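Next come the chains, spelled out residue by residue.
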Amino acid sequence: GPVMCVVGARPNFMKMAPILRALATHQPPLPALLVHTGQHYDQGMSHQLFDDLGLPRPDLNLEVGSGSHAVQTAEVMKRFEPALDAHQPSCVLVVGDVNSTLACTLVAVKKSVPVVHVEAGLRSWDRKMPEEINRVLTDQVADRLYTTERSALDNLLREGIDEARVCFAGNVMIDSLVANKPKARPAAETLQAHGFDPSLVRQAGGYGVVTLHRPSNVDDADTLRALLSVLGEVAAQLPLVFALHPRTRNNIERFGLAGLIDTQRTALLPPQGYLEMLGLMRDATLVLTDSGGLQEETTALGVPCLTLRENTERPITAEQGTNTLVGRDRNAILAGAAEILRGDGKRGRVPEFWDGHAADRIAADLHRWLLAGAP
Ligand code: UD1
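Rules of the game
- Residues numbered from 1 in each chain as written.
- Predicted model: local features only at pLDDT ≥ 70, side-chain atom pairs only at ≥ 80, totals over all residues.
- Heavy atoms only, no water.
- Helix = DSSP H or I, 4+ residues; strand = E, 2+ residues; numbered from the N terminus.
- Rg over C-alpha atoms; globule rule 2.2 N^0.38 Å.
- Buried < 20%, exposed > 50% of the residue type's maximum accessible area, 1.4 Å probe, protein only.
- Contact = heavy atoms within 4.5 Å.
- Areas by Shrake-Rupley, 256 points an atom, 1.4 Å probe, with all protein chains shown as cover.
- Lys, Arg positive; Asp, Glu negative; His and termini not counted.
- Charge placed at Lys NZ, Arg CZ, Asp CG, Glu CD.
- Core = buried A, V, L, I, M, F, W, Y, C linked by side-chain atoms within 4.5 Å.
- Domains from an automatic or database assignment.
- Buried area = accessible area lost by both parts, 1.4 Å probe.
- Salt bridge = Lys/Arg side-chain N within 4 Å of Asp/Glu carboxyl O.
- Polar contact = N/O pair within 3.5 Å; in protein donor to acceptor, adjacent residues only side chain to side chain.
- Right-handed = clockwise from strand over helix to strand, strands pointing away.
- Pairing = 2+ DSSP bridges.
- Disulfide = S-S within 2.5 Å.

### What about the overall build of the protein chain?
Check the secondary structure of the protein chain and you find 17 helices and 13 strands. Against the globule reference of 21 Å for 375 residues, the protein chain gives a C-alpha radius of gyration of 20 Å, in line with a compact fold. C-alpha extents for the protein chain along the principal axes are approximately 60 × 40 × 35 Å. In the protein chain, which comprises 375 residues, the proportion classed as buried is 58%. The contacts of the protein chain with a sequence gap of at least 6 include a subset with a gap of at least 24, amounting to 70%. Surface exposure of the protein chain reaches about 15000 Å², of which carbon and sulfur atoms provide 51%. Averaged over its 37 positive side-chain charges, the protein chain has a centre that lies 1 Å from the centre of its 44 negative ones.

As C-alpha coordinates, then:
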(Lines give C-alpha, C1' and ligand atoms only; values in the text may rest on other atoms or scores of the structure.)
Protein backbone atom coordinates (compact mmCIF):
# COMPACT_ATOMS: atom_id res chain seq x y z
CA GLY A 1 0.00 0.00 0.00
CA PRO A 2 0.96 3.69 -0.22
CA VAL A 3 2.65 5.81 2.44
CA MET A 4 -0.30 7.70 3.90
CA CYS A 5 1.00 11.22 4.58
CA VAL A 6 -0.95 13.42 7.01
CA VAL A 7 -1.04 17.22 7.20
CA GLY A 8 -3.38 19.33 9.28
CA ALA A 9 -2.06 22.73 10.26
CA ARG A 10 0.13 25.41 8.74
CA PRO A 11 3.53 24.23 10.05
CA ASN A 12 2.92 20.76 8.57
CA PHE A 13 2.79 21.89 4.97
CA MET A 14 6.42 23.04 4.61
CA LYS A 15 7.56 19.78 6.19
CA MET A 16 5.46 17.53 3.97
CA ALA A 17 6.27 19.16 0.60
CA PRO A 18 9.89 17.95 0.47
CA ILE A 19 8.91 14.52 1.84
CA LEU A 20 6.37 13.97 -0.95
CA ARG A 21 8.94 15.07 -3.50
CA ALA A 22 11.58 12.72 -2.08
CA LEU A 23 9.18 9.76 -2.03
CA ALA A 24 8.32 10.41 -5.68
CA THR A 25 11.92 10.82 -6.89
CA HIS A 26 13.31 7.92 -4.87
CA GLN A 27 14.38 4.92 -6.98
CA PRO A 28 12.13 2.99 -6.91
CA PRO A 29 9.44 5.62 -6.23
CA LEU A 30 7.45 5.14 -3.02
CA PRO A 31 3.73 5.64 -3.73
CA ALA A 32 2.13 8.21 -1.42
CA LEU A 33 -1.33 9.44 -0.54
CA LEU A 34 -1.85 12.91 0.95
CA VAL A 35 -4.50 13.43 3.64
CA HIS A 36 -5.38 16.94 4.87
CA THR A 37 -7.34 16.79 8.12
CA GLY A 38 -8.63 20.34 7.58
CA GLN A 39 -7.46 21.53 11.04
CA HIS A 40 -6.43 24.71 9.20
CA TYR A 41 -8.79 25.64 6.41
CA ASP A 42 -8.41 29.37 5.54
CA GLN A 43 -6.92 30.63 2.32
CA GLY A 44 -4.08 32.24 4.32
CA MET A 45 -3.54 29.37 6.77
CA SER A 46 -3.81 26.54 4.25
CA HIS A 47 -4.56 26.94 0.52
CA GLN A 48 -1.98 29.66 -0.19
CA LEU A 49 0.75 27.47 1.29
CA PHE A 50 -0.16 24.51 -0.90
CA ASP A 51 0.34 26.73 -3.94
CA ASP A 52 3.58 28.31 -2.69
CA LEU A 53 5.11 24.95 -1.81
CA GLY A 54 3.96 23.12 -4.92
CA LEU A 55 2.08 20.63 -2.74
CA PRO A 56 -0.34 18.46 -4.72
CA ARG A 57 -4.03 18.72 -3.92
CA PRO A 58 -4.74 16.37 -1.02
CA ASP A 59 -6.19 13.03 -2.07
CA LEU A 60 -8.50 13.33 0.92
CA ASN A 61 -9.70 16.28 2.98
CA LEU A 62 -11.32 15.41 6.29
CA GLU A 63 -12.54 19.01 6.83
CA VAL A 64 -12.50 18.90 10.62
CA GLY A 65 -12.07 22.66 11.17
CA SER A 66 -11.65 24.37 14.55
CA GLY A 67 -12.82 23.23 17.98
CA SER A 68 -11.63 22.52 21.50
CA HIS A 69 -8.68 20.15 21.73
CA ALA A 70 -10.95 17.23 22.58
CA VAL A 71 -13.42 17.96 19.80
CA GLN A 72 -10.75 18.60 17.19
CA THR A 73 -8.71 15.51 18.08
CA ALA A 74 -11.78 13.28 18.28
CA GLU A 75 -13.16 14.56 15.00
CA VAL A 76 -9.87 13.85 13.20
CA MET A 77 -9.83 10.34 14.68
CA LYS A 78 -13.40 9.59 13.65
CA ARG A 79 -12.89 10.76 10.11
CA PHE A 80 -9.40 9.29 9.65
CA GLU A 81 -10.38 5.74 10.62
CA PRO A 82 -12.54 4.93 7.57
CA ALA A 83 -9.94 6.55 5.30
CA LEU A 84 -7.29 4.27 6.74
CA ASP A 85 -9.50 1.22 6.27
CA ALA A 86 -10.23 2.19 2.68
CA HIS A 87 -6.60 2.72 1.61
CA GLN A 88 -4.66 -0.01 3.44
CA PRO A 89 -1.40 1.99 3.57
CA SER A 90 2.02 0.46 4.23
CA CYS A 91 2.43 3.07 6.97
CA VAL A 92 1.08 6.41 8.18
CA LEU A 93 3.58 9.27 8.09
CA VAL A 94 2.96 12.20 10.44
CA VAL A 95 5.01 15.36 10.97
CA GLY A 96 5.43 17.81 13.84
CA ASP A 97 3.29 18.17 16.92
CA VAL A 98 -0.18 19.46 16.09
CA ASN A 99 -3.45 17.84 17.16
CA SER A 100 -3.80 16.13 13.76
CA THR A 101 -0.40 14.46 14.27
CA LEU A 102 -1.48 12.74 17.48
CA ALA A 103 -5.02 11.97 16.32
CA CYS A 104 -3.92 10.07 13.21
CA THR A 105 -1.13 8.33 15.13
CA LEU A 106 -3.62 6.96 17.67
CA VAL A 107 -5.95 5.68 14.96
CA ALA A 108 -3.16 3.97 13.01
CA VAL A 109 -1.36 2.38 15.93
CA LYS A 110 -4.54 0.74 17.24
CA LYS A 111 -5.08 -0.80 13.82
CA SER A 112 -1.51 -2.09 13.76
CA VAL A 113 -0.60 0.20 10.89
CA PRO A 114 3.04 1.31 11.36
CA VAL A 115 3.47 4.99 12.25
CA VAL A 116 6.38 7.09 11.06
CA HIS A 117 7.03 10.37 12.92
CA VAL A 118 9.09 13.08 11.29
CA GLU A 119 10.50 15.66 13.76
CA ALA A 120 10.56 13.23 16.67
CA GLY A 121 12.12 13.72 20.08
CA LEU A 122 11.81 17.49 20.50
CA ARG A 123 10.94 18.41 24.09
CA SER A 124 10.18 21.73 25.75
CA TRP A 125 9.66 19.94 29.11
CA ASP A 126 6.57 22.09 29.47
CA ARG A 127 3.49 19.91 29.67
CA LYS A 128 1.19 22.92 29.72
CA MET A 129 1.98 23.22 26.03
CA PRO A 130 -0.52 21.19 23.99
CA GLU A 131 2.21 20.39 21.45
CA GLU A 132 4.37 18.80 24.16
CA ILE A 133 1.61 16.30 24.93
CA ASN A 134 1.25 15.58 21.21
CA ARG A 135 5.01 15.05 20.87
CA VAL A 136 5.45 12.77 23.88
CA LEU A 137 2.50 10.54 23.01
CA THR A 138 3.22 10.32 19.29
CA ASP A 139 6.85 9.34 19.89
CA GLN A 140 5.90 6.77 22.50
CA VAL A 141 3.85 4.72 20.01
CA ALA A 142 5.46 5.55 16.65
CA ASP A 143 7.44 2.76 14.97
CA ARG A 144 10.01 4.83 13.07
CA LEU A 145 11.23 8.18 14.37
CA TYR A 146 13.20 10.74 12.36
CA THR A 147 14.99 13.45 14.32
CA THR A 148 16.14 16.96 13.36
CA GLU A 149 18.88 17.42 15.93
CA ARG A 150 21.02 15.04 17.97
CA SER A 151 19.63 16.08 21.36
CA ALA A 152 16.30 14.51 20.32
CA LEU A 153 17.78 11.01 20.59
CA ASP A 154 18.75 11.61 24.24
CA ASN A 155 15.19 12.75 24.97
CA LEU A 156 13.77 9.61 23.37
CA LEU A 157 16.17 7.28 25.16
CA ARG A 158 15.18 8.88 28.48
CA GLU A 159 11.57 7.94 27.69
CA GLY A 160 12.51 4.33 27.12
CA ILE A 161 12.36 4.37 23.35
CA ASP A 162 14.60 1.85 21.62
CA GLU A 163 17.47 3.52 19.74
CA ALA A 164 16.90 1.11 16.83
CA ARG A 165 13.64 2.94 16.08
CA VAL A 166 15.36 6.31 15.73
CA CYS A 167 17.11 7.79 12.69
CA PHE A 168 18.82 11.21 12.60
CA ALA A 169 17.73 12.57 9.22
CA GLY A 170 17.97 16.35 9.62
CA ASN A 171 15.40 19.08 9.17
CA VAL A 172 12.80 18.78 6.40
CA MET A 173 11.49 22.28 7.10
CA ILE A 174 14.91 23.55 6.06
CA ASP A 175 14.65 21.46 2.87
CA SER A 176 11.72 23.70 1.94
CA LEU A 177 13.67 26.80 2.88
CA VAL A 178 16.68 25.82 0.77
CA ALA A 179 14.49 24.93 -2.21
CA ASN A 180 12.42 28.11 -2.07
CA LYS A 181 14.90 30.76 -0.95
CA PRO A 182 15.59 31.92 -4.52
CA LYS A 183 11.84 32.43 -4.99
CA ALA A 184 11.32 34.37 -1.73
CA ARG A 185 9.34 37.55 -2.27
CA PRO A 186 11.32 40.69 -1.37
CA ALA A 187 9.96 42.33 1.80
CA ALA A 188 9.51 45.69 0.06
CA GLU A 189 7.10 44.07 -2.40
CA THR A 190 5.06 42.42 0.34
CA LEU A 191 4.79 45.69 2.27
CA GLN A 192 3.75 47.57 -0.85
CA ALA A 193 1.15 44.93 -1.71
CA HIS A 194 -0.49 45.66 1.66
CA GLY A 195 -0.46 49.42 1.16
CA PHE A 196 2.60 50.25 3.27
CA ASP A 197 5.24 52.64 2.03
CA PRO A 198 8.46 50.62 1.83
CA SER A 199 10.56 53.81 2.11
CA LEU A 200 9.55 53.97 5.79
CA VAL A 201 11.46 50.77 6.40
CA ARG A 202 14.37 51.90 4.24
CA GLN A 203 14.70 55.22 6.08
CA ALA A 204 14.69 53.41 9.40
CA GLY A 205 17.51 51.22 8.09
CA GLY A 206 15.60 48.00 8.58
CA TYR A 207 12.64 46.40 10.28
CA GLY A 208 11.74 43.58 12.63
CA VAL A 209 9.31 40.73 11.96
CA VAL A 210 6.86 39.69 14.67
CA THR A 211 4.69 36.60 14.99
CA LEU A 212 2.77 35.49 18.08
CA HIS A 213 0.23 32.71 18.40
CA ARG A 214 1.03 30.43 21.38
CA PRO A 215 -1.97 30.15 23.70
CA SER A 216 0.36 30.88 26.65
CA ASN A 217 1.17 34.27 25.09
CA VAL A 218 -2.08 35.34 23.47
CA ASP A 219 -5.00 33.69 25.28
CA ASP A 220 -4.65 35.69 28.50
CA ALA A 221 -5.53 39.40 28.31
CA ASP A 222 -2.88 40.64 30.77
CA THR A 223 -0.10 38.64 29.14
CA LEU A 224 -1.05 39.78 25.66
CA ARG A 225 -1.36 43.39 26.83
CA ALA A 226 2.12 43.29 28.37
CA LEU A 227 3.63 41.76 25.24
CA LEU A 228 2.00 44.28 22.91
CA SER A 229 3.27 47.13 25.03
CA VAL A 230 6.87 45.85 24.95
CA LEU A 231 6.56 45.39 21.20
CA GLY A 232 5.47 49.03 21.09
CA GLU A 233 8.71 49.99 22.81
CA VAL A 234 10.72 47.99 20.28
CA ALA A 235 8.73 49.56 17.44
CA ALA A 236 9.75 53.03 18.65
CA GLN A 237 13.33 52.06 17.71
CA LEU A 238 12.73 49.82 14.71
CA PRO A 239 9.60 49.55 12.56
CA LEU A 240 7.88 46.20 12.92
CA VAL A 241 6.04 43.97 10.50
CA PHE A 242 3.51 41.91 12.47
CA ALA A 243 1.87 38.99 10.65
CA LEU A 244 -1.24 38.25 12.67
CA HIS A 245 -2.34 34.67 13.31
CA PRO A 246 -6.16 34.38 13.47
CA ARG A 247 -5.99 33.32 17.14
CA THR A 248 -4.03 36.48 17.98
CA ARG A 249 -6.15 38.77 15.83
CA ASN A 250 -9.33 37.44 17.48
CA ASN A 251 -7.90 37.91 20.97
CA ILE A 252 -6.64 41.46 20.33
CA GLU A 253 -10.17 42.32 19.29
CA ARG A 254 -11.88 40.39 22.10
CA PHE A 255 -9.67 41.98 24.81
CA GLY A 256 -9.89 45.45 23.21
CA LEU A 257 -6.10 45.79 22.82
CA ALA A 258 -5.88 47.16 19.28
CA GLY A 259 -5.12 50.64 20.65
CA LEU A 260 -1.77 49.40 22.02
CA ILE A 261 -0.39 48.93 18.52
CA ASP A 262 1.20 52.04 17.02
CA THR A 263 0.20 51.53 13.42
CA GLN A 264 2.58 54.29 12.33
CA ARG A 265 5.48 52.06 13.36
CA THR A 266 3.89 48.63 12.96
CA ALA A 267 2.65 47.15 9.70
CA LEU A 268 -0.15 44.74 10.58
CA LEU A 269 -0.45 42.00 7.97
CA PRO A 270 -2.75 39.00 7.63
CA PRO A 271 -1.16 35.52 7.69
CA GLN A 272 1.43 35.48 4.93
CA GLY A 273 2.19 33.02 2.21
CA TYR A 274 5.35 30.91 2.46
CA LEU A 275 7.35 32.94 -0.08
CA GLU A 276 6.26 36.22 1.51
CA MET A 277 7.24 35.08 5.01
CA LEU A 278 10.56 33.77 3.75
CA GLY A 279 11.33 37.15 2.15
CA LEU A 280 10.23 39.07 5.24
CA MET A 281 12.53 36.98 7.46
CA ARG A 282 15.48 36.98 5.08
CA ASP A 283 15.50 40.76 4.77
CA ALA A 284 14.80 41.48 8.47
CA THR A 285 17.15 42.98 11.07
CA LEU A 286 15.58 40.80 13.72
CA VAL A 287 12.66 38.45 14.30
CA LEU A 288 10.52 38.33 17.47
CA THR A 289 8.44 35.18 17.69
CA ASP A 290 6.95 32.35 19.71
CA SER A 291 6.84 29.99 16.71
CA GLY A 292 8.90 26.81 16.57
CA GLY A 293 9.32 27.00 12.81
CA LEU A 294 10.62 30.58 12.82
CA GLN A 295 13.27 29.72 15.42
CA GLU A 296 14.61 27.15 12.97
CA GLU A 297 14.20 29.22 9.82
CA THR A 298 16.01 32.25 11.28
CA THR A 299 18.87 29.98 12.34
CA ALA A 300 19.08 28.61 8.79
CA LEU A 301 18.97 32.16 7.37
CA GLY A 302 21.45 33.58 9.91
CA VAL A 303 18.99 36.25 11.08
CA PRO A 304 18.93 37.07 14.83
CA CYS A 305 15.80 35.77 16.55
CA LEU A 306 14.37 36.66 19.96
CA THR A 307 12.03 33.94 21.14
CA LEU A 308 9.23 35.16 23.39
CA ARG A 309 9.04 31.93 25.38
CA GLU A 310 10.64 30.56 28.55
CA ASN A 311 11.76 27.35 26.85
CA THR A 312 12.37 25.85 23.46
CA GLU A 313 12.03 22.29 22.19
CA ARG A 314 14.62 23.22 19.57
CA PRO A 315 17.70 23.90 21.74
CA ILE A 316 20.14 23.69 18.84
CA THR A 317 18.79 27.01 17.53
CA ALA A 318 20.00 28.68 20.71
CA GLU A 319 23.20 26.61 21.14
CA GLN A 320 24.45 26.86 17.55
CA GLY A 321 22.05 29.18 15.76
CA THR A 322 20.91 32.78 16.03
CA ASN A 323 18.16 32.23 18.57
CA THR A 324 17.97 33.81 22.05
CA LEU A 325 15.26 32.92 24.57
CA VAL A 326 13.97 36.13 26.12
CA GLY A 327 10.69 34.90 27.58
CA ARG A 328 8.14 37.60 28.32
CA ASP A 329 10.46 39.70 30.42
CA ARG A 330 10.38 43.33 29.31
CA ASN A 331 14.02 44.02 30.16
CA ALA A 332 15.29 40.87 28.48
CA ILE A 333 13.32 41.64 25.31
CA LEU A 334 14.52 45.24 25.16
CA ALA A 335 18.12 44.29 25.96
CA GLY A 336 18.07 41.58 23.28
CA ALA A 337 16.69 43.99 20.71
CA ALA A 338 19.19 46.71 21.66
CA GLU A 339 22.08 44.28 21.25
CA ILE A 340 20.94 43.33 17.76
CA LEU A 341 20.38 46.97 16.79
CA ARG A 342 23.94 47.77 17.90
CA GLY A 343 25.13 45.07 15.51
CA ASP A 344 26.04 42.68 18.34
CA GLY A 345 23.36 40.12 17.54
CA LYS A 346 24.10 36.40 17.53
CA ARG A 347 25.70 35.08 14.35
CA GLY A 348 25.58 31.32 14.77
CA ARG A 349 26.00 28.52 12.29
CA VAL A 350 23.67 26.18 10.43
CA PRO A 351 23.22 22.87 12.30
CA GLU A 352 24.24 19.45 10.98
CA PHE A 353 21.93 18.00 8.31
CA TRP A 354 19.95 21.23 7.92
CA ASP A 355 21.22 21.06 4.38
CA GLY A 356 18.24 20.66 2.09
CA HIS A 357 18.52 16.85 1.88
CA ALA A 358 16.72 15.61 4.99
CA ALA A 359 13.73 14.29 3.02
CA ASP A 360 16.02 12.28 0.72
CA ARG A 361 17.58 10.63 3.76
CA ILE A 362 14.10 9.85 5.09
CA ALA A 363 12.93 8.33 1.78
CA ALA A 364 16.02 6.13 1.54
CA ASP A 365 15.69 4.91 5.12
CA LEU A 366 11.93 4.41 4.83
CA HIS A 367 12.39 2.29 1.71
CA ARG A 368 14.92 0.06 3.49
CA TRP A 369 12.70 -0.14 6.57
CA LEU A 370 9.55 -1.06 4.65
CA LEU A 371 11.46 -3.68 2.63
CA ALA A 372 12.74 -5.18 5.86
CA GLY A 373 9.12 -5.63 6.98
CA ALA A 374 8.73 -2.36 8.98
CA PRO A 375 8.53 -2.85 12.77
C1 UD1 B 1 -2.10 25.06 15.70
C2 UD1 B 1 -1.18 24.07 16.41
C3 UD1 B 1 0.13 24.75 16.76
C4 UD1 B 1 0.76 25.42 15.57
C5 UD1 B 1 -0.26 26.36 14.96
C6 UD1 B 1 0.26 27.07 13.75
C7 UD1 B 1 -2.26 22.37 17.82
C8 UD1 B 1 -2.53 21.98 19.23
N9 UD1 B 1 -1.76 23.62 17.66
O10 UD1 B 1 -2.44 26.08 16.62
O11 UD1 B 1 1.02 23.79 17.26
O12 UD1 B 1 1.91 26.12 15.97
O13 UD1 B 1 -1.41 25.59 14.59
O14 UD1 B 1 -0.69 27.96 13.28
O15 UD1 B 1 -2.48 21.59 16.93
N16 UD1 B 1 -8.41 29.61 12.71
C17 UD1 B 1 -8.79 30.28 11.60
N18 UD1 B 1 -8.51 29.72 10.38
C19 UD1 B 1 -7.89 28.54 10.23
C20 UD1 B 1 -7.51 27.84 11.39
C21 UD1 B 1 -7.77 28.39 12.62
O22 UD1 B 1 -9.35 31.35 11.68
O23 UD1 B 1 -7.67 28.09 9.09
C24 UD1 B 1 -8.66 30.21 14.04
C25 UD1 B 1 -9.87 29.67 14.72
O26 UD1 B 1 -10.47 30.70 15.42
C27 UD1 B 1 -9.31 28.66 15.68
C28 UD1 B 1 -7.98 29.29 16.06
O29 UD1 B 1 -7.54 29.94 14.87
O30 UD1 B 1 -10.14 28.44 16.76
C31 UD1 B 1 -6.94 28.31 16.51
O32 UD1 B 1 -6.76 27.26 15.55
P33 UD1 B 1 -6.25 25.81 16.03
O34 UD1 B 1 -6.09 24.92 14.87
O35 UD1 B 1 -7.10 25.35 17.18
O36 UD1 B 1 -4.85 26.09 16.71
P37 UD1 B 1 -3.65 27.07 16.35
O38 UD1 B 1 -3.60 28.12 17.37
O39 UD1 B 1 -3.66 27.50 14.91
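### Examining the nonpolar core
By size, the foremost hydrophobic cluster in this structure holds 61 residues, and its most contacted members are Met16, Ile19 and Leu93. Built from parts of two domains, this core gets at least three residues from each of domain 1 (3-170 + 354-371) and domain 2 (183-341). Apart from the residues within four sequence positions on either side, isoleucine 19 is in contact with Leu93, Val95, Val118, Val172 and Ala359.

### Here we look at the domain arrangement of the protein chain
Considered domain by domain, the protein chain is made up of domain 1 (3-170 + 354-371) and domain 2 (183-341). The C-alpha centroid of domain 2 is placed 27 Å from the C-alpha centroid of domain 1. Taken residue by residue, the interface counts 20 residues in domain 1 and 19 residues in domain 2. For the pair domain 1 and domain 2, the two sides together bury roughly 1700 Å², of which 59% comes from carbon and sulfur. Inspection of the domain 1/domain 2 interface yields three salt bridges. A salt bridge links glutamate 313 to arginine 135, with the shortest nitrogen-to-oxygen separation between them at 3.5 Å. For the pair domain 1 and domain 2, the number of links is four residue pairs in polar contact (both at pLDDT 80 or more).

### Things to note about the pairing of strand S1 (residues 3-7)
When you tally the buried positions in S1, you get five out of five residues, the bulk of the element. On S1, burial covers both faces: Val3, Cys5 and Val7 on one face and Met4 and Val6 on the other are all buried. As a crossover connection, the stretch from S1 through helix H1 (residues 10-25) into strand S2 (residues 32-36) is right-handed. Where S1 meets strand S4 (residues 91-95), three bridges bridge the pair, whose relative direction is parallel. Each residue of the ladder has a partner; that of valine 3, found in S4, is cysteine 91.

### Things to note about the state of the cysteines
All told, the structure shown has zero disulfides when counted by the stated rule. As a non-bridged cysteine, cysteine 5 has cysteine 91 as the owner of its nearest cysteine sulfur, 7.5 Å distant. What makes cysteine 5 buried here is its relative accessible area of 0%. This cysteine, cysteine 167, is not joined by any disulfide, and cysteine 91 carries the nearest cysteine sulfur, 14 Å off. For cysteine 167, a relative accessible area of 16% puts it in the buried group.

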